[in-house]
Number of protein chains: 2
Amino acid sequence: MKKLILNLCLLAGMLPSPLHAQEAIMPGMRDIKSPVVSEAGSVQFWLNAPYAKKVYITGNITRFNKGDFDPSEQQAKGLVPMKNDGGLWEVRLDSLAPDLYTYKFVVDGIEVLDPLNSHVLRDVALVSNMVLVPGEESKDFVAAGVPRGSVHTSWYRSGFRDTDRRLSIYLPAGYDSSDRYYPVLYLLHGMGGDETAWLDQGRAAEILDNLIARGEAEPMIVVMPNGNMALDAAPGHGPLGLDQPNFYLPHTMDGVFETYFPEIVNYVDSTFRTIPAKESRAVAGLSMGGFHSLYLSANYPGLFNYVGLFSPAVDPTQFNKNGLPEIYRDRRVKIKDQFRQGVRLYYLAIGEDDFLYEDNKKFRAELDADSIPYIYKESKFGHEWTNWRRYLADYLPRLFR
Amino acid sequence: MKKLILNLCLLAGMLPSPLHAQEAIMPGMRDIKSPVVSEAGSVQFWLNAPYAKKVYITGNITRFNKGDFDPSEQQAKGLVPMKNDGGLWEVRLDSLAPDLYTYKFVVDGIEVLDPLNSHVLRDVALVSNMVLVPGEESKDFVAAGVPRGSVHTSWYRSGFRDTDRRLSIYLPAGYDSSDRYYPVLYLLHGMGGDETAWLDQGRAAEILDNLIARGEAEPMIVVMPNGNMALDAAPGHGPLGLDQPNFYLPHTMDGVFETYFPEIVNYVDSTFRTIPAKESRAVAGLSMGGFHSLYLSANYPGLFNYVGLFSPAVDPTQFNKNGLPEIYRDRRVKIKDQFRQGVRLYYLAIGEDDFLYEDNKKFRAELDADSIPYIYKESKFGHEWTNWRRYLADYLPRLFR
């Protein structure tokens, strides 16, 4: 057996060091496993750290833990202490709702990934582990036994700086084997995200595969562009190569993305079998992507029949201290005109703990004052993927039917 | 500024804990940066670990370091010690050849990613940081200022276990805007890898974009299937969801992949604009993928005109202790027949330190005894991506012309 494992390691072509070979290459063969998920919504985590003095678990999962821990300053900061049993550290988080969670360990002040968990997620510059607590509310984050759509990463030519920009495109199952034309959803990420965010954190492809397979959503093309015009692509894929991207971004909510947006629509309509008409076009986005969706749909009233604002930023002044670009001016006038030209769905959702809640309340008051009809969903929790995945699943069935 | 950063963090929709917000969310804004690459092939690494007693750097980069360190047992194990300056740990690795390297820190026995480097790589179950030392030999690992191909992840139906299996497909720049038909390279990963390996570790899309743009390789479609029949997809993407995949794999070199391979060719030829003929079809693979390439081309002599074996496994007995499946029998007879039917290129490459070197020597002797013509390249180093990226770049210009 040992020889077979060694051969396996060698044939895998990795073995960066003998340490790796012993530590993490074959997680399934260790005596401990981590994480261990139970049906009852508990997750147990283990870490072998014999020299550590203090180990915590952190990540969004600790906030949702309802387990029986003493309140402490650490927990208030999202740090839940782990118990030390002879160098093996352990913690169980309890009563977790079905969801996709992120976590990491903090070992004597240093953040450490779980060496026994091969599922990792990059979000902006942070890398975390993922764990899924299964159940009704998270069942669509995994696609099993349903036809699978394909995901393309392509490049379109942008007039801004005359560069190629990367985008992700979901094509529904059956696209390649039919001549059918499809409606299109433009799905936009938050500030700091990129063209991979809705696929990785958002599990958008799996959610779409499941909803479409059950007949709950129309088969559609979903386009996920990069909404930060200062970067051409997600880290590592663009002309920057492996230089560190500058996440302090000058071109996110300054009107540039919206100004150049029609070139994305042109690229998509000329490359894929789309129905190139307002009736068959939707836009939605989270946070900054909600902001983009708001202003794109208001400034191009002929483009979208469906608009989804998920925990949207709504205040354009903050990133435009020296005056608003034209695209952010006269919002009320533009939205009124947008609705005169016809909007089938204007969907707004936010969590009760969201730091943008008050801004959104004002925005809704503005819509109400102008008698703009919209659907409003208020959820628990704050500005986070737990909400955005659910908003997406709630929004998709309302499109194109 | 502080407020802007906070807003940026919040709008990014991440903030799993206040710790994250302080630690790693804005790497570009810290006083220290890591890694810092110099033109002369030195890379400096920094880690803030005030409570640590001993910090090493590890990864394939330490093996290539020619810097002035004392030899020690740790270094022999691929661990290079870092210097402690008041809790800030530092090391400079010198005289590194231009290449893509992996690394991690080891803090008091625990492996830790560089919190200041957003470039991470999963290889089997291991996650490492990446750093690129620029120069002539690594220039094609970044695509800048050249037309970009697109990458598709699609699913084909397999008769094995009647499941959908994921594959990656590179389509060259211009595919979408032309009616042209293209030759196809099937590019296979090593044991433990998956359909993402050649794209992530191998930088295959960037290498192809660059070679095609310079006219050094023909525009071609490149198909990267998952060669482990026990798994449907790379971790996190298949019906397993976020359960831990079992990397101890029962279906890798037991004839199953080769038996079902024609269904991949059928899927590709019926889905993309391929030239569906032997003259326009190549296969190549590393390690286990070289093994697959060897036996696929020998068992389907009408399929491939070009065969590339990169550090190939060549001994089928090891994984078939209870007797060889038919597909691995009579190799010499089959290869002779393969060449009678015509092979334009049989390309074999291996590193002088590769643990498969002796096996390959025997295989070459077998080919020589049978007067089989082939191109043989012997490089420095062992069983590793440093070689495989270079073999690919050497192999591609020989195809389809």
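Q: Whenever I open this one, the packing of aromatic side chains confuses me. Can you help?
A: Applying the stated criterion across every chain yields a total of 49 aromatic pairs over all chains. Arranged with centres 5.7 Å apart and planes meeting at 65°, the rings of B:Phe257 and B:Phe261 form a pair that is edge-to-face. In this pair, B:Phe257 and B:Phe261 are both assigned in helix H7 (residues 256–271), four residues apart and thus about one turn of the helix distant. Taken together, the aromatic side chains of A:Trp198, A:Phe310, A:Tyr347, A:Trp385, A:Trp388, A:Tyr391 and A:Tyr395 make up a single cluster linked through ring pairs. A cation over an aromatic ring shows up here: A:Arg273 above the ring of A:Tyr175, its NZ or CZ 4.1 Å from the ring centre. The ring of B:Tyr357 is capped by B:Arg364, whose NZ or CZ atom sits 5.8 Å from the centre of that ring.

Q: What is the right way to read the interface of chain B and chain A from this model?
A: When the parts of a complex come together, some accessible area is lost, and that lost area is often taken as the interface size. Of the residues lining the interface, 98 residues belong to chain B; the matching set on chain A comes to 97 residues. When the two sides are added together, the surface that chain B and chain A hide from each other amounts to roughly 8000 Å², 64% of it contributed by carbon and sulfur. At the boundary of chain B and chain A, one finds zero salt bridges. Across the contact surface, chain B and chain A share 17 residue pairs in polar contact (both at pLDDT 80 or more). Grouping the constituent residues of the side of chain B that touches chain A by class yields 56 nonpolar, 28 polar and 14 charged. Bridge analysis of strand S11 (residues 150–158) of chain A against strand S11 (residues 150–158) of chain B gives three bridges, and the strand direction is antiparallel. When the sheet's bridge partners are listed, A:Val151 is paired in S11(B) with B:Thr153.

Q: I'm lost on the pairing of strand S18 (residues 375–379) of chain A in this one. Help?
A: Sheet faces and side chains relate simply in a regular strand, where the side chains alternate between the two faces. Residues and elements named next belong to chain A. Examined bridge by bridge, strand S17 (residues 345–351) and S18 share five bridges and lie parallel to one another. Each residue of the ladder has a partner; that of leucine 348, found in S18, is tyrosine 376. Taking the sense of rotation as the criterion, the β-α-β connection linking S17, helix H11 (residues 357–369) and S18 turns out right-handed.

Q: Any chance you could explain the nonpolar core here in plain terms?
A: As a rule of thumb, nonpolar side chains are buried together in soluble globular proteins. B:Tyr186 and B:Tyr346 are the most contacted members of the largest nonpolar core, which totals 51 residues. For this core, the element with the highest residue contribution is H7(B), accounting for seven residues. Beyond its immediate sequence surroundings of up to four residues, B:Tyr346 is in contact with B:Leu294, B:Ser297, B:Val307, B:Leu309, B:Ile335, B:Gln338, B:Phe339, B:Phe363, B:Leu367, B:Pro373, B:Tyr374 and B:Ile375. Counting residues in each nonpolar core, the second largest holds 49 residues, with A:Leu167, A:Phe261, A:Val268 and A:Tyr357 among its members.

Q: Would you mind going over the relation of the copies chain B and chain A with me for this structure?
A: The operation relating the two chain copies consists of a rotation about an axis and a shift along that axis. For the pair chain B and chain A, the superposition axis carries a translation of 0.0 Å, the fit reaches an RMSD of 0.0 Å, and the rotation angle comes to 180°. What the superposition gives is, in effect, a two-fold axis relating one chain to the other. When C-alpha distances to the rotation axis are compared across chain B, the minimum falls at B:His152, with a value of 2.1 Å. Take the interface residues of chain B: 99% of them recur as interface residues in chain A, which is what a same-surface contact looks like.

Q: What's the story with the sheet that holds strand S6 (residues 88–93) of chain B in this structure? I'm lost.
A: Hydrogen bonds between backbone atoms are what pair the strands of a sheet, whose relative direction is either parallel or antiparallel. Residue and element names in this part refer to chain B. Reading across from one edge, S1-S2-S6-S5 is the order of the four strands in this open sheet, with antiparallel pairing throughout. Since the sheet does not close on itself, it has two edges, and those belong to strand S1 (36–37) and strand S5 (83–85), each with one partner. Pairing geometry for S5 and S6, over three bridges, is antiparallel. When the bridges of S6 are listed, aspartate 85 appears paired with leucine 88.

Q: Is there a simple way to explain the sheet that holds strand S2 (residues 43–48) of chain A in this structure?
A: Residues and elements named next belong to chain A. Reading across from one edge, S1-S2-S6-S5 is the order of the four strands in this open sheet, with antiparallel pairing throughout. Of all the strands in the sheet, the pair left with one neighbour each is strand S1 (36–37) and strand S5 (83–85). Direction of pairing for S1 relative to S2: antiparallel, over a ladder of two bridges. Its bridge partner lying in S2, valine 36 is registered against glutamine 44.

Q: Is there a simple way to explain the environment of B:Tyr267 in this structure?
A: On the secondary structure map, B:Tyr267 appears in helix H7. Residue classification places B:Tyr267 among the buried residues on the basis of a relative accessible area of 15%. Put simply, B:Tyr267 and B:Arg332 are 65 residues apart on the chain and 30 Å apart in space, counted from C-alpha to C-alpha. Those residues in contact with B:Tyr267 that sit more than four places away from it in its chain are A:Asp176, B:Ser154, B:Trp155, B:Tyr156, B:Leu167, B:Ile169 and B:Phe272.

Q: What am I meant to see in the pattern of salt bridges here?
A: Side chains carrying opposite charge are able to pair once their charged atoms draw close together. Under the defined criterion, the tally for this structure stands at 46 salt bridges over all chains. Here A:Lys139 and A:Glu136 are joined by a salt bridge, their closest N and O atoms 3.1 Å apart. Taking the relative accessible area as the measure of exposure, A:Lys139 reaches 38% and is therefore partly exposed. Here B:Arg63 ties to B:Glu384 by a salt bridge, and the two come within 2.1 Å at their closest N and O atoms.

Q: Where do I start with helix H10 (residues 357–369) of chain B in this structure?
A: It helps to recall that an α-helix has 3.6 residues per turn; residues three or four apart then point in one direction. Residues and elements named next belong to chain B. Counted at 1.5 Å a residue, the expected span for H10 with its 13 residues is 18 Å, and the 18 Å between its end C-alpha atoms agrees. Regarding H10, the residues found buried are Tyr357, Asn360, Phe363, Arg364, Glu366 and Leu367. Buried residues along H10 sit in contact with helix H8 (288–299), strand S16 (306–310), helix H9 (331–341), strand S17 (345–351) and strand S18 (375–379). One or two steps after H10, the chain reaches serine 371, where phi turns positive at roughly 55°.

Calculation notes
Residues numbered from 1 in each chain as written. Chains lettered and ligands numbered in written order. Predicted model: local features only at pLDDT ≥ 70, side-chain atom pairs only at ≥ 80, totals over all residues. Heavy atoms only, no water. Phe/Tyr/Trp six-rings, centres within 6.5 Å; stacked < 30°, edge-to-face > 60°. Helix = DSSP H or I, 4+ residues; strand = E, 2+ residues; numbered from the N terminus. Lys NZ or Arg CZ within 6 Å of the ring centre and 35° of its normal. Contact = heavy atoms within 4.5 Å. Buried area = accessible area lost by both parts, 1.4 Å probe. Salt bridge = Lys/Arg side-chain N within 4 Å of Asp/Glu carboxyl O. Polar contact = N/O pair within 3.5 Å; in protein donor to acceptor, adjacent residues only side chain to side chain. Nonpolar A, V, L, I, M, F, W, Y, C, P; charged D, E, K, R; others polar. Pairing = 2+ DSSP bridges. Right-handed = clockwise from strand over helix to strand, strands pointing away. Core = buried A, V, L, I, M, F, W, Y, C linked by side-chain atoms within 4.5 Å. Buried < 20%, exposed > 50% of the residue type's maximum accessible area, 1.4 Å probe, protein only. Least-squares fit on C-alpha atoms with pLDDT ≥ 70 in both. Expected span 1.5 Å × (residues − 1).

Geometric descriptors of this kind do not, in isolation, establish any biological role.
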